[in-house]
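Listed here are the chains, written in short residue letters.
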Amino acid sequence: MIDDIEAKKHLIRVARGDVAPDLVLKNCKLVNVITSEIYPSDISIAGRRIAGLATDIDPQCAPVLDCGGMYAVPGFADGHTHIESSLVAPAQLARVIVPRGTTTIFMDPHEVAAVLGMRGVRAFMDAVQSLPFRAYLQVPSRVPQAPNLESTGGELNINHLREILKWPETASLGEIDVTKVTGLQEEFLRRIAMYQSSGRIVNGCSAGVQGSDLNAYIAVGIADDHGCATPEEVINRLRLGMTTIQIRQSTSSKDLLRLLKVIDEYGLSSRRLSFCDDDKVIKDILEHGHMDENVRLAISAGLDPIEAIQMATINCAEHFHLEYEFGAIAAGRFADILLLEELDAFPPRYVLFEGNVVARDGVLLEAPPIHSYPSWFRASVCFPKSLSEEFLQRDLRISGSVAAARVIHTRDGDLRNKVVIEEVPVRGGYAIADPDAGINYLVVVNRYGTGDYATTTFVRGFDLRMGALASSIAHDHHNIVAIGASLKDIIFALRQVERRQGAQVAVRDGEVIAELPLPLAGLMSDAPYDEVITCTEALGRAAHDLGCNRNDPFMDMGFITLPTVPEVGVTDRGVVDALKQQFLTVLI
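It should be emphasised that the depicted structure is a prediction, and the values quoted were computed from it without experimental measurement.

*Asks:* Can you lay out the sheet that holds strand 27 (residues 568-570) for me, pointing to particular residues and giving the numbers?
*Replies:* With respect to topology, 3 strands assemble into an open sheet ordered 27-28-29, the strand pairing being antiparallel. Of all strands in the sheet, those bounded by a partner on one side alone are strand 27 and strand 29 (582-584). Going from strand to strand, the sheet's axes swing by 40° on average, the running direction of each strand aside. Bridge analysis of strand 27 against strand 28 (residues 575-577) gives 3 bridges, and the strand direction is antiparallel. In the sheet register, Val 568 faces strand 28, and the bridge partner there is Asp 577.

*Asks:* Could you give an account of helix 17 (residues 529-545), naming the residues involved and the relevant values?
*Replies:* Taking 1.5 Å per residue as the helical rise, helix 17 with its 17 residues ought to reach 24 Å, and the 24 Å between its terminal C-alpha atoms agrees with that figure. Residues of helix 17 that are buried include every one of Tyr 529, Val 532, Ile 533, Thr 536, Leu 539, Ala 542 and Ala 543, and no others. Among the structural elements, helix 2 (90-97), helix 11 (282-288), strand 23 (468-471), strand 25 (503-508), strand 26 (511-517) and helix 18 (553-557) are those in contact with the buried residues of helix 17. Among the residues trailing helix 17, Gly 547 stands out with phi positive, at a value near 115°.

*Asks:* Kindly report on the pairing of strand 23, identifying the contributing residues and their values.
*Replies:* A regular strand carries its side chains on alternate faces of the sheet. A two-sided burial pattern is seen for strand 23, the buried positions comprising Ala 468 and Ala 470 on one face and Leu 469 and Ser 471 on the other. In this structure, strand 23 lies alongside strand 24 (residues 480-484), joined through 4 bridges in antiparallel fashion. The residue bridging Ala 470 from the neighbouring strand is Ala 482, located in strand 24. Bridge analysis of strand 23 against strand 25 gives 4 bridges, and the strand direction is antiparallel. Note on strand 25: the bridge partner recorded for Leu 469 is Ala 506.

*Asks:* Help me get a handle on the nonpolar core, residues and values and all.
*Replies:* With 172 residues, the main nonpolar core has Phe 377, Leu 392 and Phe 458 as its most contacted residues. With 11 residues, helix 3 (residues 110-128) is the single largest residue contributor to this core. Within the second largest apolar cluster, 17 residues are counted, among which are Leu 23, Cys 28, Leu 30 and Ile 43.

*Asks:* Explain the pattern of salt bridges to me, using residue names and the numbers behind them.
*Replies:* Tallied over the full model, the rule gives 36 salt bridges. A salt bridge links Arg 49 to Glu 325, with the shortest nitrogen-to-oxygen separation between them at 3.3 Å. One end of the pair, Arg 49, is in strand 3 (residues 49-54); the other, Glu 325, is in the loop between helix 14 (314-319) and strand 14 (337-340), with 276 residues separating them in the sequence. The residues Arg 49 and Glu 325 share a single accessibility class, namely buried. Across the pair Glu 318 and Arg 271 runs a salt bridge, and its minimum N-O distance is 3.3 Å. Taken together, the positions of Glu 318 in helix 14 and Arg 271 in the loop between helix 10 (261-266) and strand 13 (273-276) put the pair 47 residues apart, joining distant regions of the chain.

*Asks:* Which residues make up the side chain of Arg 100, and what values go with them?
*Replies:* Structurally, Arg 100 can be placed in the loop between helix 2 and strand 7 (102-107). There is a polar contact of 2.6 Å between the side chain of Arg 100 and the backbone oxygen of Leu 286. With residues near it in sequence (within four places) discarded, Arg 100 still touches Phe 76, Ile 285, Leu 286, Gly 289, His 290, Asp 292, Phe 346, Pro 347 and Pro 348.

*Asks:* Which residues make up the packing of aromatic side chains, and what are the values?
*Replies:* As enumerated under the stated definition, the model contains 9 aromatic pairs in all. Arranged with centres 5.8 Å apart and planes meeting at 55°, the rings of Phe 76 and Phe 346 form a pair that is tilted. One end of the pair, Phe 76, is in strand 6 (residues 76-81); the other, Phe 346, is in the loop between strand 14 and strand 15 (350-353), with 270 residues separating them in the sequence. For the pair Phe 76 and Phe 346, a shared accessibility class is recorded, and that class is buried.

About the cut-offs
- Residues numbered from 1 in each chain as written.
- Predicted model: local features only at pLDDT ≥ 70, side-chain atom pairs only at ≥ 80, totals over all residues.
- Heavy atoms only, no water.
- Pairing = 2+ DSSP bridges.
- Helix = DSSP H or I, 4+ residues; strand = E, 2+ residues; numbered from the N terminus.
- Axes fitted to C-alpha atoms, helices over the stretch in contact; angles between N-to-C directions.
- Expected span 1.5 Å × (residues − 1).
- Buried < 20%, exposed > 50% of the residue type's maximum accessible area, 1.4 Å probe, protein only.
- Contact = heavy atoms within 4.5 Å.
- Core = buried A, V, L, I, M, F, W, Y, C linked by side-chain atoms within 4.5 Å.
- Salt bridge = Lys/Arg side-chain N within 4 Å of Asp/Glu carboxyl O.
- Polar contact = N/O pair within 3.5 Å; in protein donor to acceptor, adjacent residues only side chain to side chain.
- Phe/Tyr/Trp six-rings, centres within 6.5 Å; stacked < 30°, edge-to-face > 60°.

Right, here's the structure in full:
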């Protein structure tokens, strides 16, 4: 909606030529994502909106930006993101994504909600209000995600969700997992109905789900999915009635090139596809891009440039029923405009957000304002007092010289895992890790001071020969997760995270060898993004020195704890079968 009547009157007067525009872009090649055309045009801007398009706009006394034949493209939109996964505060994220062309995001602050509840979500939304991108809210739908299977510091019940529905930023109900639907959980069915009756869509994520469960999931009105891993999953969901598939290009899931094959192999229209990043660390964004990476990769794979741009703009806007607000260079829409020398040339020469030039040649022109967070936003880690090696070994007691254990097998850059029953050594009456054979400890400890909860299990794929890694980012409950060669190193690493009230650390022999403090809800740094990248690079080198050769071990470690992505997720309460939503024992 246009903000007020006076703004609407000004827009009409400028559109009619009765008064001068506030800015005119001359000599553009307009990329029209509505008609799939490119043609010469000028663009007049009134306040935050586009007033008109023509080849002969009279600027009168208005400022003029001569585009010299550059392409004018709508600002890009990220259809589903967790800002917290970038590791930086929103203001620092703006410094990186806005110069690359992203002007709209749909943020699901599930991570902050899990730690700090509704007041945390409100404080986080307040932090993005003055930034040069538009942030719509996908309301976290399931905090806690797995009730009775995990501990969280915050909760969002149906009364909280009813209150958040009144917030002006609210665009949708965030991703609902399949078990909430197939399990006929009335609390979640009410949430779905409440948001649908308000005209909002309901987002989904149904990785690995098929058959009757997928039918049931879509039948309740789940509108999209960003968890598809194959072209077959894409086409099946659309055939069953989903309206959009969001193609994810995240740090851990590089799905884009694989999923784009659905256009050629099945003849699918690209208008049912949009882009998102889901979870992407700041280093990855700086090195490879944000939505601009998705557009660039799609064009390089042979997709028509206009189609690639539609997937980053109008497709997303239409999906959220916001096509009259953003997503196209058209009268009445927000004046979010990218000026490009070529359609695959990034960063843009200019980025306009709501009628103002905010970035040029890859650089944000004004530093974002520093936001002051409440003190409670920085105090979120409180361990069980009984934390010790004996405490962590409670469920590993067994007689004999070897034990049969469920070992979690992981692969670099893949969110999904599988469980394999293997033999592990027994020492002193406890099953133990075998780092020489590639089996490490995986520990998750309650961070909220709400009980003596901790889980110790075994994992393959990290190959730590010594030391330990620990992090206060552990989706979606965000207790503290650690992987290591010994419990002694793990406990030392956990204590370092607690001392910093959130961090990622690498330790060896009682010494911190690399760290990234994360004081904002234990999820984000308050440092400049370049300092964060320096720290993450040091953490990567430290992990490598300890034996781990994964691309991003901390990102991958933070997803083994997710109790809704097959096969298992590890919480502070136990090892959870992601499909059956029940606990599994570590030892057989």
